[in-house]
Amino acid sequence: MELFNKKTNISKNAELAKKRSILALFDTPNRVDEFSVNAADLYLDYSKQNITTSELESLITWAKSNGLSQKINAMFSGEQINNTEQRAVLHTVLRAPQHVKEAVLGKEAKQVQQTEQRMAQIVDDVQQGKLLSSTGKKFTDVLAIGIGGSYYGIKVGLSALHPYHNTGLKVHVLANVDGAAVTEKLENLTADTTLVVLISKTFTTQETLLNAKAIKQWMLAELQDDGAIAKQWFAISSNVEKAQAFGLDASHVLPMWDWVGGRFSLWSAVGLPLALAIGNEHFNELKEGAYQMDQHFQETDFSQNMPVLMALIGMWNRNGLSYQSLAVLPYDHALRALPGYLQQTDMESNGKSVSKQGEKLNWRTAPIVFGQEGTNGQHAFMQLMHQSDEIIPTDFIVALKGTSSLDEHHKVLVANCFAQSEALMQGKTLVQAEKELANNGLSQDEITRLAAHKTMKGNTPSNTLLMQSLTPKCLGAILALYEHKIFVQGALWKINSYDQWGVELGKHLSEQVLALMADSTVEHQMSPSSVKLIKAFVQK
Ligand code: F6P
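All values reported here derive from a predicted model rather than from experimental measurement.

What follows deals with the overall build of the protein chain. Each helix and strand in the protein chain was counted, giving 22 helices and 11 strands. The C-alpha radius of gyration computed for the protein chain amounts to 25 Å, which stays within 12% of the reference 24 Å derived for 540 residues, consistent with globular compactness. Relative to its full complement of 540 residues, the protein chain shows a buried share of 51%. The contacts of the protein chain with a sequence gap of at least 6 include a subset with a gap of at least 24, amounting to 75%.

Below you can see the structure in the form of structure tokens.
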């Protein structure tokens, strides 16, 4: 089975497209107007993609004939689209108004509302000093412990919305199971003014539990009060019993729902550490931006639908033009954590090779996502993007207004962003390079020696996502945009985007390694290479 069946001509057209120039596509009048779209305070310009109107139309027709509308409805209405775990996928309902929650969740909507109210109350109480530490002090710091989906959303929100931190609380995150990370965090924390938020949907994640144990020991040793954990810790988990067994007070455990996947959970109580930094009002604005994108996604014709267009163009690049990667380049210091966040949402969701029914797929799925804040990437990996044979489609993200008062900096930053998308598309031919060198007064010998080194392949497609300024609402819209793009691609690739069995084998083998470190005679499946490495660790 092929992804794009023959009748659509999509694969045939893509083969031809590989050889044409993106720049030449601008000969069509109104290309920029036609290949751009607005939604939820975001403007997407996709005119620098290597695609024509009719090719995009055939992709839209193909998506429709593959039941995309029905699939979107199935997700929003709570069908169990996560078929391997038999779960609905309803993170969208968390940012919807109460009447939508009631329509989709029925009785459970009340619990969701109560959790939201509880969360907002915690934020107010901590901020106003009504909720105090075990020694009666006002909290100055919050430490969020969690990993993967219980970490990345908070991290991206904290850095993106730094100008909106208004509660006076400093919020820190701890994810990696590395003692050095723990020690580093503790250098800046005082036990009797630190509130801990422990986030683990399963409450079984090795890294999170070990970090939580270390922080608990530190706090108990510092405060000499067994009751401190019950007073100063909150947990967000769907495993309330385990959280209580850890020492948390039942009233300090906020639920996570099994219909919210970890990497889509920022909108739930998992967002508590972020809300503690930016306050309830801004947290609600974040959700509002995401909700606006949800509505746009559900209601807009595919030809003007931002997530659908981004998804289809991504598939055109991945499966039609056979490009392997996707670079995400926010020209915004505040969005420096976004590439890491998207690596998880995209690659953990769509990094699969069997269909929902378990059949091997004949097509490639998620691209390799990477990126960095601009302009830093320009002085690093972007050399390869300009001059290697690898074509790497790119998403540029930039705000027209910066958040600092250094206007000149922002002008230079934005100029570099616009220049890079242009440079990646235009490239430089040998003839252009030769001419340029001649204009610079170089001799013919020097021109011959240098010209090839100065050529750039160009023809690299890109999107530019523009906003006025990076507000909580815009951030919500950006995250929801990518969530839906990932959903559309997963649905059309026919995979389950909402499980992540790939992480299990490593978890299982790490237990074996630990067992071998304790006793070299236990039965194991390790290769001689790993056995020697383990021996080196034991003998250190
Ligand atoms: O990386 C695997 C994963 O299961 C993610 O999907 C999840 O977000 C993360 O581990 C943390 O899981 P938990 O919230 O259960 O600790």
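Attention now moves to the sheet that holds strand S10 (residues 394-399). In space, the six strands of this open sheet follow the order S1-S2-S11-S10-S8-S9, with mixed pairing throughout. At either end of the open sheet lies a strand with only one pairing partner, and these are strand S1 (36-39) and strand S9 (368-371). On average, adjacent strands in this sheet sit at an angle of 20° to one another, irrespective of strand direction. Inspection of the sheet shows strand S8 (residues 325-330) paired to S9 by four bridges, in the parallel sense. Paired with Ser325 across the bridge in S9 is Ile368.

The next thing to look at is helix H20 (residues 472-493). For H20, spanning 22 residues, the distance from its first C-alpha to its last is 32 Å, which sits close to the expected 32 Å at 1.5 Å a residue. Most of H20 sits inside the fold, with 21 of its 22 residues counted as buried. At the C-terminal side of H20, Lys494 shows a positive phi close to 70°.

Near the ligand, the surroundings consist of 13 residues, among which Gly149, Ser150, Ser200, Thr202 and Thr205 are the closest. The separation between an oxygen atom of the ligand and a polar side-chain atom of Glu348 is 2.9 Å. In the complex, the protein chains occlude 87% of the 390 Å² of accessible area that the ligand would expose alone. When grouped by side-chain class, the residues that make up the shell around the ligand number two nonpolar, eight polar and three charged.

Below, the discussion takes up the pattern of salt bridges. Enumeration according to the criterion identifies 15 salt bridges in this entry. A salt bridge links Asp294 to Arg95; its shortest N-O distance comes to 2.7 Å. Taken together, the residues span a long stretch of sequence, with Asp294 in helix H13 (residues 272-299) and Arg95 in the loop between helix H5 (68-76) and helix H6 (98-105) at a distance of 199 residues. Accessibility expressed as a relative area gives 1% for Asp294, which makes it buried. Salt-bridge contacts for Asp499 lead to Lys352; the nearest nitrogen and oxygen are separated by 2.9 Å. Taken together, the positions of Asp499 in the loop between H20 and helix H21 (504-518) and Lys352 in the loop between helix H15 (338-350) and S9 put the pair 147 residues apart, joining distant regions of the chain. Residues Asp499 and Lys352 agree in their burial class; the two are buried.

Attention now moves to the packing of aromatic side chains. Counted under the stated rule, the structure contains 11 aromatic pairs. Taking the centre distance of 5.4 Å and the plane angle of 55° together, the rings of Phe264 and Tyr498 count as tilted. Within this pair, whereas Phe264 is found in the loop between strand S7 (253-255) and H13, its partner Tyr498 is found in the loop between H20 and H21, the two being separated by 234 residues in sequence. A single burial state applies to Phe264 and to Tyr498, both of which are buried. Ring pairs connect the aromatic residues Phe76, Phe297 and Phe487, which therefore count as one cluster. Positioned over the ring face of Phe26 is Arg31, at 5.6 Å from the centre of the ring.

This paragraph deals with the nonpolar core. Counting 120 residues, the largest nonpolar core has Leu42, Trp62, Trp259 and Leu338 as its most contacted members. A total of 13 residues in this core trace back to one element, the largest contributor, which is H20. When sequence neighbours within four positions are dropped, the list of residues in contact with Trp259 reads Ala88, Val89, Leu90, His91, Val93, Leu94, Leu105, Glu108 and Val112. One finds Leu143, Trp233, Ala235 and Val253 within the second-largest nonpolar core, a separate group that totals 23 residues.

Here we come to the side chain of Thr208. Counting through the fold element by element, Thr208 comes out in helix H10 (residues 206-223). Leaving out residues up to four positions away in the same chain, Thr208 has contacts with Ile145, Gly146, Ile147, Leu198, Ile199 and Ser200.

This part takes up unusual backbone geometry. Note that the residue after Gly374, namely Thr375, is joined by a cis bond; omega there is 10°. As for its position among the elements, Thr375 is in the loop between S9 and helix H16 (382-387). Located in the positive-phi region is Asn30, a residue other than glycine, with phi close to 65°. Of note, Asn30 is situated in the loop between helix H2 (22-25) and helix H3 (31-34). With a phi angle near 65°, Ser322 is a residue other than glycine that sits in the positive phi range. Mapped onto the secondary structure, Ser322 falls in the loop between helix H14 (306-320) and S8. In this structure Ser322 comes out as partly exposed when scored by relative accessible area, which is 43%.

Considering the arrangement of structural elements, one finds Lys435 in helix H18 (residues 430-439). Under the relative-accessibility criterion, Lys435 is labelled exposed at 56%. Between the C-alpha atoms of Lys435 and Gln343, which are 92 residues apart in sequence, the distance is 41 Å.

A separate point is the pairing of S10. Burial analysis of S10 places six of its six residues in the buried class, the great majority of the element. Taking every second residue as pointing to the same face, both faces of S10 are buried, with Thr394, Phe396 and Val398 on one and Asp395, Ile397 and Ala399 on the other. Sheet analysis places S8 next to S10, joined by four bridges and oriented parallel. Across the sheet, Leu329 pairs through a bridge with Phe396, a residue of S10. Note that S10 and strand S11 (residues 462-467) share six bridges and pair parallel. Bridge assignment links Val398 to a residue of S11, and that residue is Leu466.

Rules and cut-offs
- Residues numbered from 1 in each chain as written.
- Predicted model: local features only at pLDDT ≥ 70, side-chain atom pairs only at ≥ 80, totals over all residues.
- Heavy atoms only, no water.
- Helix = DSSP H or I, 4+ residues; strand = E, 2+ residues; numbered from the N terminus.
- Rg over C-alpha atoms; globule rule 2.2 N^0.38 Å.
- Buried < 20%, exposed > 50% of the residue type's maximum accessible area, 1.4 Å probe, protein only.
- Contact = heavy atoms within 4.5 Å.
- Pairing = 2+ DSSP bridges.
- Axes fitted to C-alpha atoms, helices over the stretch in contact; angles between N-to-C directions.
- Expected span 1.5 Å × (residues − 1).
- Near = heavy atom within 4 Å.
- Polar contact = N/O pair within 3.5 Å; in protein donor to acceptor, adjacent residues only side chain to side chain.
- Areas by Shrake-Rupley, 256 points an atom, 1.4 Å probe, with all protein chains shown as cover.
- Nonpolar A, V, L, I, M, F, W, Y, C, P; charged D, E, K, R; others polar.
- Salt bridge = Lys/Arg side-chain N within 4 Å of Asp/Glu carboxyl O.
- Phe/Tyr/Trp six-rings, centres within 6.5 Å; stacked < 30°, edge-to-face > 60°.
- Lys NZ or Arg CZ within 6 Å of the ring centre and 35° of its normal.
- Core = buried A, V, L, I, M, F, W, Y, C linked by side-chain atoms within 4.5 Å.

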